[in-house]
Amino acid sequence: VINKPVTGYSPVTVYDFAKDTAGWEKEGTWQANWGNPALETSQDLGKPMLKANVEWSGKHDWEEVKLRNLRVLNFKKSARFSFDTLIPADGIFSGELRPYAALGDGWVKLDTDKNNKSVADLPRVSIGGKMYLKHHVEINMGDLGSRGPDVFICLVGNKLAYKGPIYLDNLTFYKADR
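Definitions and limits used
Residues numbered from 1 in each chain as written. Predicted model: local features only at pLDDT ≥ 70, side-chain atom pairs only at ≥ 80, totals over all residues. Heavy atoms only, no water. Salt bridge = Lys/Arg side-chain N within 4 Å of Asp/Glu carboxyl O. Helix = DSSP H or I, 4+ residues; strand = E, 2+ residues; numbered from the N terminus. Buried < 20%, exposed > 50% of the residue type's maximum accessible area, 1.4 Å probe, protein only. Pairing = 2+ DSSP bridges. Contact = heavy atoms within 4.5 Å.

Novice: Sorry, what's going on with the pattern of salt bridges here?
Specialist: Opposite charge on two side chains permits them to pair, given that their charged atoms come into close proximity. Applying the stated criterion across every chain, the model contains nine salt bridges. A salt bridge links R68 to E27, with the shortest nitrogen-to-oxygen separation between them at 3.7 Å. In this pair, R68 sits in strand 5 (residues 63-69) while E27 sits in strand 2 (residues 24-30), placing the two residues 41 residues apart along the sequence. With a relative accessible area of 18%, R68 lands in the buried category. On the basis of relative accessibility, which here comes to 31%, the residue E27 falls in the partly exposed class. Where D44 meets K51, a salt bridge forms, and the shortest distance between an N and an O atom there is 2.9 Å. On the accessibility criterion, D44 (48% relative accessible area) is partly exposed. Judged by relative accessible area, which is 14%, K51 ranks as buried. Beyond isolated ion pairs, a larger network of salt bridges with shared partners links E27, R68 and D150.

Quick look at the structure:
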């Protein structure tokens, strides 16, 4: 089955955050801080989303907060995942987002620098009369082999001074169709 070409991707786990953080929790930081609360569910933007409250000074090219889930459903079936981040656009004129992921079982980094985007290049969307920077992120997971269902989402700011919420929406894990 592995040798057949991938013809597409189908969702196997979709996080809607209607009840809680669904196993996602705050993890470590590098040259950044978590706000308080660090991680919560929110309907600020009209539907349930995961809300990460971050503090990036904008002084460094790598300011990172990590989210972790030790029990991703249908993990073994997953070949990739994607999500959108939404950040209030007020006052953000420079800097870059550098999101990536990692497998917790062995700390295998996934798609580092493949989703880098200058804030100037991000689409601005209006939600509830406010403008947000929207960043669609896709992460290829590769061969998971015998790895456990342990995934980090790493949100990194590059020279991006920001203190406030980063909303995660449309977090979906996909299987490869063959």
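Following the structure, the description resumes.
Novice: How do you make sense of the pairing of strand 11 (residues 124-127) when you look at a structure like this?
Specialist: A regular strand places its side chains on the two faces of the sheet in alternate fashion. Judged from the four bridges that link them, strand 11 and strand 12 (residues 130-140) form a sheet pairing that is antiparallel. Pairing of I127 across the sheet is with K130, part of strand 12.

Novice: Quick question: what am I supposed to make of the environment of S82 here?
Specialist: Mapped onto the elements, S82 comes out in strand 6 (residues 80-88). Judged by relative accessible area, which is 4%, S82 ranks as buried. Distance from S82 to P37, taken between C-alpha atoms, is 24 Å for residues 45 residues apart in sequence. Setting aside residues up to four positions removed in sequence, S82 forms contacts with H136, V137, E138, N170, L171, T172 and Y174.

Novice: For this particular structure, what's the right way to read unusual backbone geometry?
Specialist: Phi is mostly negative for residues that are not glycine, and the peptide bonds are mostly trans. The omega angle of the peptide bond from N36 to P37 is 0 degrees, so this bond is cis rather than trans. Tracing the backbone shows P37 in strand 3 (residues 33-42). Backbone geometry at N74 places phi at a positive 55 degrees, although glycine is not the residue there. Tracing the sequence through the fold places N74 in the loop between strand 5 and strand 6. Despite not being glycine, D111 has its phi angle at roughly 55 degrees, a positive value. For D111, the location among the structural elements is in the loop between strand 9 (108-110) and strand 10 (117-118). Its relative accessible area of 11% is what places D111 among the buried residues.

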